[in-house]
Amino acid sequence: MVSSTRQPSTGQGRESSLTLDRGLALLQAVADAESEAPTISELATAIGASRAAVYRLLVPLQERGLVRRDGSKVRLGLGLLRLAAKVTPQLRLAALPALRELAEAVGATAHLTVADGEEAQAIAVIEPSWTTYHVAYRVGTRHSLGRGAAGKAIGLRDETPGWIATTGELQQGASGIAAPVRGVPGLRASVGVVTFHELDADVVGPQVLTAASAVADALR
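The structure displayed is predicted, hence computed values, not measured ones.

Some remarks on the environment of glycine 155
If you trace the backbone, glycine 155 turns up in the loop between α5 (148-154) and β6 (164-167). The sequence separation of glycine 155 and glutamate 118 amounts to 37 residues, and the corresponding C-alpha distance is 11 Å.

The structure is reproduced here in structure tokens:
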């Protein structure tokens, strides 16, 4: 006897894909709504679907805690916080090899910094193993996006040379060079180094750029 596993038809697969896409579009519409909490009707208009379709799409999102209903209004759910909590450890793990290589090559503390509102927050830090002393830059350190190489690099566009160098903006005597992490949707971040030694930007800048590209590749 010959047995076979029945595969879903192409039509069924396409329908599932469209349902997933609409569900994600609905979640995005809830997040992007200008009002505090959009209504079912507003969401239907936003994603180009009927109210009945929106009600159906909300069911699995509610079951997973990604949204919650408040009468006819829809708000983001606490389940998103649980998902968000998983992001930082994964970012840190992906970035560590490039940061370690950068720290050892430059002899300076290397870091991955992300934007959190109007602040920059260090989420991964690697200190060089062979230097006599180095800057103690702690994970969780926060400062304004407008201060320091790490914060300023996050907002850097396509300017040449592609990195930012600063001295004494966050700590007296400390110099930093940072470059933005590009090409990762939804991520505003930079990779950089900080040290009490004078940094040759023409030498260290390209090394920081290479590390930022390696981090981006690891996250894609």
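Now that the structure is up, let's keep going.
Let's talk about the environment of isoleucine 123
By the element assignment, isoleucine 123 lies in strand β4 (residues 119-126). Taking the C-alpha atoms as reference, isoleucine 123 lies 10.0 Å from alanine 189; in sequence the two are 66 residues apart.

Details of the nonpolar core
Counting residues in each nonpolar core, the largest one holds 30 residues, and the members touching the most others are Leu99, Leu102, Leu112, Val181, Val191 and Val193. The set of elements that each furnish at least two residues to this core consists of α4 (79-106), β3 (109-116), β4, β7 (175-181), β8 (189-195) and α6 (201-219). With 7 residues, α4 is the largest single contributor of residues to this core. Filtering out sequence-adjacent residues up to four positions away, valine 193 remains in contact with Leu102, Val106, Ala108, Thr109, Ala110, His111, Ser175, Gly176, Ile177, Leu199, Val204 and Val208. Counting 17 residues, the second largest nonpolar core, distinct from the first, contains Ile40, Leu43, Ala49 and Val74.

Quick word on the pairing of β7
Counting buried positions along β7 gives 7 out of 7 residues, so the element sits mostly inside the fold. Two elements, β6 and β7, share 4 bridges in a ladder whose sense is antiparallel. In the sheet register, threonine 166 faces β7, and the bridge partner there is glycine 176. With 7 bridges connecting them, β7 and β8 associate as antiparallel partners. Its bridge partner lying in β8, valine 181 is registered against alanine 189.

How each quantity is defined
- Residues numbered from 1 in each chain as written.
- Predicted model: local features only at pLDDT ≥ 70, side-chain atom pairs only at ≥ 80, totals over all residues.
- Heavy atoms only, no water.
- Helix = DSSP H or I, 4+ residues; strand = E, 2+ residues; numbered from the N terminus.
- Core = buried A, V, L, I, M, F, W, Y, C linked by side-chain atoms within 4.5 Å.
- Buried < 20%, exposed > 50% of the residue type's maximum accessible area, 1.4 Å probe, protein only.
- Contact = heavy atoms within 4.5 Å.
- Pairing = 2+ DSSP bridges.

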